[in-house]
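# A closer look at the structure
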Amino acid sequence: MSIRIGDTAPDFEAETTEGTIKFHDWLGDGWGVLFSHPKDFTPVCTTELGMVAALKGEFDRRNCKVMGLSVDGISDHEAWARDIAETQGHAPNFPLIGDKDRIVADLYDMIHPEADDTMTVRSVFIVGPDKKIKLTLTYPASTGRNFAEILRVIDSLQLTAKHKVATPANWENGQDVIIVPAVTNEEAKAKYPDGWDEQKPYLRVVKQPK
Ligand code: BEZ
């Protein structure tokens, strides 16, 4: 069963490089990213895990925990971490699930039935404080992910969870946003007394709320 935006993130207990973790307890009241990579000791995955480790402070700043997964065991993850530190300058500083029995991979539908069933695909799930899935992404094995984009989506999700706005194409934190169509002009006047740029009745652009 595929997982969709709005579903409750399936809970699980798993062995990780940081001990046994119960997913929902570990998430607590904050945000979370769960991402899978095909296999340990592979080149693209090595760069991805190094990059996520380098960006850990950015995830922390957003109150967002990060957890990786592959279908290799913990001892492989630990040996590989030394290679990641050596080649990328950052060892993984977040838990990596050793999902040898593919329990979490199956729960999150991370193994494509028509692909190589010994590897997980490059999946990303963003989970909100309400434990609901806010984003799903699947990348091909040959394409490393852009984790700056994942951070950008978290910024958008956190902003739009607080304010009745949406973020336009290529938006970056601090740039103008869009008043959602469900907000009437009367309501918008109360919220944005300095006004907005009405490019069309359905396209109202306003400064990002604080
Ligand atoms: C990689 O991470 O480099 C990789 C993994 C599986 C297939 C191709 C590349």
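Our subject is the structure listed above.
Residues numbered from 1 in each chain as written. Predicted model: local features only at pLDDT ≥ 70, side-chain atom pairs only at ≥ 80, totals over all residues. Heavy atoms only, no water.

### Regarding the packing of aromatic side chains
- The full count for this structure, using the stated rule, is 8 aromatic pairs.
- Taking 5.6 Å as the distance between ring centres and 65° as the angle between the ring planes, the aromatic pair formed by Phe-35 and Phe-147 counts as edge-to-face. Taken together, the positions of Phe-35 in strand 3 (residues 31-36) and Phe-147 in helix 6 (residues 147-162) put the pair 112 residues apart, joining distant regions of the chain.
- The buried category is assigned to Phe-35, whose relative accessible area is 0%.
- Taking 5.0 Å as the distance between ring centres and 65° as the angle between the ring planes, the aromatic pair formed by Tyr-108 and Phe-125 counts as edge-to-face. In this pair, Tyr-108 sits in the loop between helix 5 (103-107) and strand 6 (122-127) while Phe-125 sits in strand 6, placing the two residues 17 residues apart along the sequence. Each member of the pair, Tyr-108 as well as Phe-125, carries the same accessibility label: buried.
- Each residue in the set Phe-12, Phe-23, Trp-26, Tyr-108 and Phe-125 is aromatic and connected to the rest through ring pairs, giving one cluster.
- Note that Lys-65 overlies the ring of Trp-26, its terminal NZ or CZ placed 5.3 Å from the centroid. (Phe/Tyr/Trp six-rings, centres within 6.5 Å; stacked < 30°, edge-to-face > 60°. Helix = DSSP H or I, 4+ residues; strand = E, 2+ residues; numbered from the N terminus. Buried < 20%, exposed > 50% of the residue type's maximum accessible area, 1.4 Å probe, protein only. Lys NZ or Arg CZ within 6 Å of the ring centre and 35° of its normal.)

### Section: the state of the cysteines
- Throughout the structure, instances matching the rule amount to 0 disulfides.
- Cys-64 takes part in no disulfide bond, and the closest cysteine sulfur to it belongs to Cys-45, at a distance of 20 Å. (Disulfide = S-S within 2.5 Å.)

### Looking at the site of the ligand
- Taken together, Pro-38, Thr-42, Pro-43, Val-44, Cys-45, Met-119, Arg-122 and Ala-141 make up the full set of residues adjacent to the ligand.
- Within the backbone of Val-44, one N or O atom sits 2.5 Å away from an oxygen atom of the ligand.
- At a separation of 2.9 Å, an oxygen atom of the ligand approaches a polar backbone atom of Cys-45.
- Surface burial for the ligand is 78%, taken as the share of its 260 Å² of free accessible area covered by protein chains.
- If one sorts the elements of the shell around the ligand by residue count, helix 2 (residues 43-54) sits on top with 3 residues. (Near = heavy atom within 4 Å. Polar contact = N/O pair within 3.5 Å; in protein donor to acceptor, adjacent residues only side chain to side chain. Areas by Shrake-Rupley, 256 points an atom, 1.4 Å probe, with all protein chains shown as cover.)

### Quick notes on the pairing of strand 11 (residues 203-206)
- Where strand 9 (residues 177-179) and strand 11 come together, 2 bridges link them in antiparallel fashion. Within strand 11, the residue paired with Ile-178 across the bridge is Val-205.
- Examined bridge by bridge, strand 10 (residues 197-200) and strand 11 share 3 bridges and lie antiparallel to one another. Counted as the bridge partner of Asp-197 is Val-205 from strand 11.
- Turn length for the strand 10-strand 11 hairpin, with the two strands adjacent in sequence and antiparallel, is 2 residues. (Pairing = 2+ DSSP bridges.)

### Examining the sheet that holds strand 10
- Spatially, 8-9-11-10 is the arrangement adopted by the 4 strands of the open sheet, whose pairing is antiparallel. Of all strands in the sheet, those with a lone pairing partner are strand 8 (165-166) and strand 10, marking the two edges.
- Bridge count between strand 8 and strand 9: 2 bridges; the pairing is antiparallel. Its bridge partner lying in strand 9, Val-165 is registered against Ile-179.

### Some words on helix 6
- Its 16 residues place the ends of helix 6 23 Å apart at the C-alpha level, agreeing with the 22 Å of an ideal helix rising 1.5 Å per residue.
- Taken as a whole, helix 6 has its buried residues at Phe-147, Ile-150, Leu-151, Arg-152, Val-153, Ile-154, Asp-155, Ser-156, Leu-157, Gln-158 and Leu-159.
- Capping the start of helix 6, Asn-146 holds a side-chain oxygen 3.0 Å from the backbone nitrogen of Ala-148, two or three residues further along. (Expected span 1.5 Å × (residues − 1).)

### Digging into the pattern of salt bridges
- One pass over the full model with this rule turns up 12 salt bridges.
- Lys-134 is the salt-bridge partner of Asp-130, the closest N and O atoms lying 3.0 Å from each other.
- Here Lys-207 and Asp-176 are joined by a salt bridge, their closest N and O atoms 3.7 Å apart. Placement of Lys-207 in the segment after strand 11 and of Asp-176 in the loop between strand 8 and strand 9 is noted, with a sequence separation of 31 residues between them.
- Judged by its relative accessible area of 61%, Lys-207 falls in the exposed class.
- Judged by its relative accessible area of 33%, Asp-176 falls in the partly exposed class. (Salt bridge = Lys/Arg side-chain N within 4 Å of Asp/Glu carboxyl O.)

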